[in-house]
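In case you want the letters, here they are:
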Amino acid sequence: MDRQTTTEFPSETKPLAYSYWLGTFAIRGSVAPRIILDVFGFGLLALATVFASQFATKHFDISLTIPAGPFEVAGAVLGLLLVLRLLGAYCRRSRIASRRATAYLR
C-alpha cells in the first residue's frame, strides 16, 4: 500500500492574529485564578519566615540557618534518579512503538 499525503499551501498566507503577550497574560481558560491565592499564601509564609529569622538573629543572637551540604547531595541524587527514570520510560515507549510499527508493516 502506498500512502502518500499531499499538502497544498495557499499561494498567499496571512499572518496569524495571535499575540504572544496577550496569550501570556490571558486569565480566561487559565489555571492562574485557581492557584493565585496559594501562591500569595506561600509568598507570605516565606516573607514571615525571613522576618522571623532576621528578628531572632538581631534580638536573640540565634542563627536559624541550615547547612546546605546534605540538601545539595540529596538534590543531585534525586535529579539523577529522575533522569534515569525518564530515560527508562522513553526506552520502553520507543520499544512499544517500534513493535507496533513492525507489526503494522507486516
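The rules we used
Residues numbered from 1 in each chain as written. Predicted model: local features only at pLDDT ≥ 70, side-chain atom pairs only at ≥ 80, totals over all residues. Heavy atoms only, no water. Helix = DSSP H or I, 4+ residues; strand = E, 2+ residues; numbered from the N terminus. Buried < 20%, exposed > 50% of the residue type's maximum accessible area, 1.4 Å probe, protein only. Areas by Shrake-Rupley, 256 points an atom, 1.4 Å probe, with all protein chains shown as cover. Patch = residues over 30% accessible without salt bridge, like charges linked within 9 Å, V, L, I, M, F, W, Y side chains within 5 Å. Salt bridge = Lys/Arg side-chain N within 4 Å of Asp/Glu carboxyl O. Lys, Arg positive; Asp, Glu negative; His and termini not counted. Charge placed at Lys NZ, Arg CZ, Asp CG, Glu CD. pLDDT = per-residue confidence, 0-100. Phe/Tyr/Trp six-rings, centres within 6.5 Å; stacked < 30°, edge-to-face > 60°.

(A) Geometry of the overall build of the protein. Counting secondary structure elements, the protein contains three helices and zero strands. Traced from its N-terminal end to its C-terminal end, the protein shows the element sequence α-α-α. Within the protein, the proportion of its 106 residues that are buried is 1%. Just so you have it, the protein exposes about 10,900 Å², and 66% of that area is on carbon and sulfur atoms.

(B) The arrangement of a nonpolar patch on the surface in detail. A grouping of Phe55, Phe60, Ile62 and Leu64 is seen on the molecular surface, where their side chains present a nonpolar patch of about 420 Å² in accessible area. Within the element layout of this structure, Ile62 appears in the loop between helix 2 (32-60) and helix 3 (69-105). With relative accessibility at 42%, the residue Ile62 sits in the partly exposed group.

(C) Geometry of a positive patch on the surface. On the surface, Arg85, Arg92, Arg95 and Arg99 cluster together into a patch of positive charge. Checked against the element boundaries, Arg99 lands in helix 3.

(D) Just the confidence of the model for the protein, in detail. Of all residues in the protein, 82% attain a pLDDT of 70 or more, and the chain-wide mean is 82. The secondary structure element of the protein with the lowest average pLDDT is helix 1 (residues 20-24), at 78, and the one with the highest is helix 2, at 94.

(E) Local environment of the packing of aromatic side chains. All told, the structure shown has one aromatic pair when counted by the stated rule. Both rings, one in Phe55 and one in Phe60, keep their centres 5.9 Å apart while their planes meet at 75 degrees; by these two values the pair is edge-to-face. Looking at Phe55, the relative accessible area reads 46%, which means it is partly exposed.

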